[in-house]
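# Analysis of the macromolecular model
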Amino acid sequence: MIPHGETTSPPVVLYVCADRAPRAPGTATQCAQTEGRTFAQERGLTIAEVVTDTYGEPDPARRSGWRRVRQLAQTGDVAAVLVRWPSAIAPESARELRHREAAWLNDHGVRVRYTWGPLSSKGAEAG
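My aim in this report is to walk through the structure given alongside it, one point at a time. (Residues numbered from 1 in each chain as written. Predicted model: local features only at pLDDT ≥ 70, side-chain atom pairs only at ≥ 80, totals over all residues. Heavy atoms only, no water.)

Within the structure shown, the criterion is met by eight salt bridges. E92 is the partner of R95 in a salt bridge, and the nearest nitrogen-oxygen pair spans 2.5 Å. Under the relative-accessibility criterion, R95 is labelled partly exposed at 41%. Connected through salt bridges with shared partners, the residues D59, R70, R100 and E101 form a single ionic network. (Salt bridge = Lys/Arg side-chain N within 4 Å of Asp/Glu carboxyl O. Buried < 20%, exposed > 50% of the residue type's maximum accessible area, 1.4 Å probe, protein only.)

See below:
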């Protein structure tokens, strides 16, 4: 029960696409998860789910984890996607895919928020 006068923020999903080896989370994945959890905690956000993908496939729509992120957005279960940096969505060489996904999420009322210090301190969002 929420005490009178307090509100809770809508849940968010933490998306991590860092390591190249499936089923063997390494330092990059652990760092991204820790950073994402800290980001959420400092801002009073509740992480509904942590979704991971193996880094390598440039098109996010072809990754099972990202498809899960889309599903959560489409059903209205999350208000934002926390991601370490833009290249976790799609690499620089496929920047248009990143913009496509950010626009799709935005159309569903979901924001992309970056958790990496230099980006999060500027309030950077995908757009």
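There's more to say after this.
Here we come to helix α1 (residues 27-42). Because each turn of an α-helix spans 3.6 residues, side chains separated by three or four positions end up pointing in the same direction. For α1, spanning 16 residues, the distance from its first C-alpha to its last is 22 Å, which sits close to the expected 22 Å at 1.5 Å a residue. G44 lies just past α1 and shows a positive phi near 70°. (Helix = DSSP H or I, 4+ residues; strand = E, 2+ residues; numbered from the N terminus. Expected span 1.5 Å × (residues − 1).)

Strand order in the open sheet formed by four strands is β2-β1-β3-β4, and the pairing between neighbours is parallel. Pairing within the sheet leaves two strands with one partner each, and these edge strands are β2 (47-53) and β4 (111-114). Here the strands of the sheet are splayed against their neighbours by 25° on average, with no regard to which way each runs. Examined bridge by bridge, strand β1 (residues 12-17) and β2 share six bridges and lie parallel to one another. Its bridge partner lying in β2, C17 is registered against D53. Against the sheet, α1 contacts β1, β2, β3 (80-83) and β4, and its axis sits at roughly 160° relative to β1. The strands that helix α2 (residues 64-74) touches are β1, β2 and β3; relative to β2, the one it contacts most, it runs at about 155°. (Pairing = 2+ DSSP bridges. Axes fitted to C-alpha atoms, helices over the stretch in contact; angles between N-to-C directions. Contact = heavy atoms within 4.5 Å.)

Such coordinate-based values are descriptive only and should not be taken to indicate function.
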